[in-house]
Amino acid sequence: MTEKDALQAALAGEHAAMYGVGVAGGKLSGARFAQATAAFEEHRRRRDQLAELVIQGGETPVAAEPAYDLPQAVTDAATAAALVLLIERRLSVVYADLVEAAEQVPVRTLAIQALIDTSRAQLTWGGTAQAFPGQS
């Protein structure tokens, strides 16, 4: 996978993450809603960074889909938290791929930080620590 392909994949992942976290947030309240709001803002920030890197590379950023098929129904707080955990797990894999494909320091720096952030987020949403996050 090339750096450009990995950047576009990460950007597509962030588009999907924003959608999924937004849906999940609708079933959360209190501290969990605040965590989902913070996660949404983090995904938006990374989406914008990724889009800028794609543009700097002379490419057009992949657009967000109008909607995404969710891997599970979101009916209550427990299923909402499980969805956010799954999103963070999937993004860890995407960012591990970007770390491997990165050729430029700014891209690798963003990818490593995002891999750390998605790994931490997994702990927030009920996941367990992994020795090699992003590896399936």
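Below is a short write-up of the structure. (Residues numbered from 1 in each chain as written. Predicted model: local features only at pLDDT ≥ 70, side-chain atom pairs only at ≥ 80, totals over all residues. Heavy atoms only, no water.)

### Observations concerning the packing of helix 3 (residues 77–101) against helix 4 (residues 105–124)
Part 1 of the reasoning: Contact geometry for helix 3 and helix 4: axes closest at 8 Å, N-to-C directions at 155°. One finds that helix 3 runs roughly antiparallel with respect to helix 4. Pair helix 3 / helix 4 crosses with left-handed handedness. Across the interface between the two elements, Leu-85, Glu-88, Arg-89, Leu-91, Ser-92, Tyr-95, Ala-96, Leu-98, Val-99 and Glu-100 from helix 3 touch Val-107, Arg-108, Leu-110, Ala-111, Ile-112, Ala-114, Leu-115, Thr-118, Ser-119, Ala-121 and Gln-122 from helix 4. (Axes fitted to C-alpha atoms, helices over the stretch in contact; angles between N-to-C directions. Helix = DSSP H or I, 4+ residues; strand = E, 2+ residues; numbered from the N terminus. Parallel < 35°, antiparallel > 145°, perpendicular 65-115°, else oblique. Left-handed = near helix turned anticlockwise from the far one by under 90°. Contact = heavy atoms within 4.5 Å.)

### Quick look at the pattern of salt bridges
Part 1 of the reasoning: One pass over the full model with this rule turns up seven salt bridges.
Part 2 of the reasoning: Lys-4 is paired through a salt bridge with Glu-59; the nearest N and O atoms lie 3.4 Å apart. You can see Lys-4 sitting in helix 1 (residues 3–25) and its partner Glu-59 sitting in the loop between helix 2 (30–56) and helix 3, a full 55 residues away along the chain.
Part 3 of the reasoning: The partly exposed category is assigned to Lys-4, whose relative accessible area is 42%. (Salt bridge = Lys/Arg side-chain N within 4 Å of Asp/Glu carboxyl O. Buried < 20%, exposed > 50% of the residue type's maximum accessible area, 1.4 Å probe, protein only.)

### Describing the side chain of His-15
Part 1 of the reasoning: Position of His-15 among the secondary structure elements: in helix 1.
Part 2 of the reasoning: Dropping the residues within four chain positions of it, His-15 is found in contact with Arg-47, Val-62, Ala-63, Ala-64 and Tyr-68.

### Topic: the packing of aromatic side chains
Part 1 of the reasoning: For the structure on display, the rule yields one aromatic pair.
Part 2 of the reasoning: With a centroid separation of 5.5 Å and an interplanar angle of 55°, the aromatic rings of Tyr-19 and Tyr-68 are classed as tilted. Here Tyr-68 lies in the loop between helix 2 and helix 3 and Tyr-19 lies in helix 1, a separation of 49 residues in the sequence.
Part 3 of the reasoning: What makes Tyr-19 partly exposed here is its relative accessible area of 30%. (Phe/Tyr/Trp six-rings, centres within 6.5 Å; stacked < 30°, edge-to-face > 60°.)

### A look at the packing of helix 2 against helix 3
Part 1 of the reasoning: Closest axis-to-axis distance for the helix 2/helix 3 pair is 12 Å, and the angle between their directions is 25°. The angle between helix 2 and helix 3 places the two elements in the roughly parallel class. For the pair helix 2 and helix 3, the sense of crossing is left-handed. Contacts from Arg-32, His-43, Arg-46 and Leu-50 in helix 2 reach Ala-81, Glu-88, Leu-91, Tyr-95 and Leu-98 in helix 3.
Part 2 of the reasoning: Each residue belonging to the contact of helix 2 with helix 3 can be placed in one class, and the counts come to five nonpolar, one polar and three charged. (Nonpolar A, V, L, I, M, F, W, Y, C, P; charged D, E, K, R; others polar.)

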